[in-house]
Amino acid sequence: MKSLWFFDDVNLFKVLCPHKFKAYKTSHDFDAYKKKDYIYFEEDSANKVYLIEKGKVKIGYYSEEGNEVVKAILTRGELFGETAILGESKREEFAQSVDNKTSICPIGVETMHDLMRNNQTFSFKIYKVIGFKLKKLERRLQLLLFKDAKTRLVEFLDELCADYGYDCEKTGDKVIHHPYTQKDIASLIGTSRPTLNILLNELKEENVIQFTRKEIRIHKNIA
């Protein structure tokens, strides 16, 4: 299994969290959030970076028409608010817990800069993560703008396969164990939950996939 935080078989959460550094451990706490609690709003001061210790966080913004646009739904071990490292002074998005037991590790920007100055390898990995996330976001926004809902779903399944998929030894199918609900997936591809359900069932009838609540199987002749 791969995620944004797994590079070269190193879990960066273990490297980054200030609990791992004696100089920061005594003054550092995790923050707890329930479902629908906001970690920050658009226009808030951007003075921290956040790591998800457990739970899920939705990143998004509101269009001029007042519609919510979901940019990402992040899970355990992932980073958000990282544009503060690059000099952003105010948030251009909101971050909201979508789980009842979300635990966040907040890191002040100055603390992050100190850690990066003192460890060149660590600094490189952080910039690598940021670059990877920006490319992924750009691709998702292009999908939302230029592709129909079914194409967006198929390409999202490809993305899920790259992040969470593995080959079934018996059948050769691609098996994906993922952390998302159908509501999460619908938000990420910019459609409604009923429409997503219709599209998933269409792909099932076409013998492209089989799916349950937390597993999607892409058949060998398609994968």
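Preceding this paragraph is the structure being described.
A short tour of the structure in this document, coming up. In this text the structure is predicted, and so the values were computed from the model without any measurement.

Turning our eyes to something else, we now look at helix α3 (residues 109-118). Every buried residue of α3 is listed here: V109, T111, M112, L115 and M116. An end-on view of α3 places all buried positions within 160° of arc, on one side of the element. Those residues of α3 that are exposed and angled more than 90 degrees off the buried face are E110, R117 and N118.

Spatially, β11-β12-β14-β13 is the arrangement adopted by the four strands of the open sheet, whose pairing is antiparallel. Edge positions in the sheet fall to β11 (165-167) and β13 (209-211), since each of these pairs with one other strand and no more. Within the sheet, the average angular offset between the axes of one strand and its neighbour, ignoring direction, is 20°. Note that β11 and strand β12 (residues 174-177) share three bridges and pair antiparallel. What sits directly across from D167, in β12, is K174. Packing against the sheet, helix α5 (residues 149-164) makes contact with β11, β12, β13 and β14 (215-218), and its axis sits at approximately 80° to β12.

Formed by 24 residues in total, the largest nonpolar core has its most connected members in L153, L157, L160, Y180, I209 and I216. Contributions of two or more residues to this core are made by β7 (68-74), α5, α6 (182-188), α7 (193-205), β13 and β14. Of all the elements, α5 adds the most residues to this core, at seven residues. Filtering out sequence-adjacent residues up to four positions away, L160 remains in contact with G165, I176, H178, Y180 and I216. Grouped together as the second largest cluster of nonpolar side chains are 13 residues, L115, M116, I126 and V129 included.

Looking at where E202 falls in the secondary structure, it is placed in helix α7. Relative accessible area serves as the criterion here: at 31%, E202 is assigned to the partly exposed category. Spatially, the C-alpha atoms of E202 and K150 are 9.4 Å apart, while their sequence positions differ by 52 residues. Looking at E202, its side chain comes within polar contact range of the side chain of K150, at 3.4 Å.

Calculation notes
Residues numbered from 1 in each chain as written. Predicted model: local features only at pLDDT ≥ 70, side-chain atom pairs only at ≥ 80, totals over all residues. Heavy atoms only, no water. Buried < 20%, exposed > 50% of the residue type's maximum accessible area, 1.4 Å probe, protein only. Helix = DSSP H or I, 4+ residues; strand = E, 2+ residues; numbered from the N terminus. Arc of directions from axis to C-beta. Pairing = 2+ DSSP bridges. Axes fitted to C-alpha atoms, helices over the stretch in contact; angles between N-to-C directions. Contact = heavy atoms within 4.5 Å. Core = buried A, V, L, I, M, F, W, Y, C linked by side-chain atoms within 4.5 Å. Polar contact = N/O pair within 3.5 Å; in protein donor to acceptor, adjacent residues only side chain to side chain.

Such coordinate-based values are descriptive only and should not be taken to indicate function.
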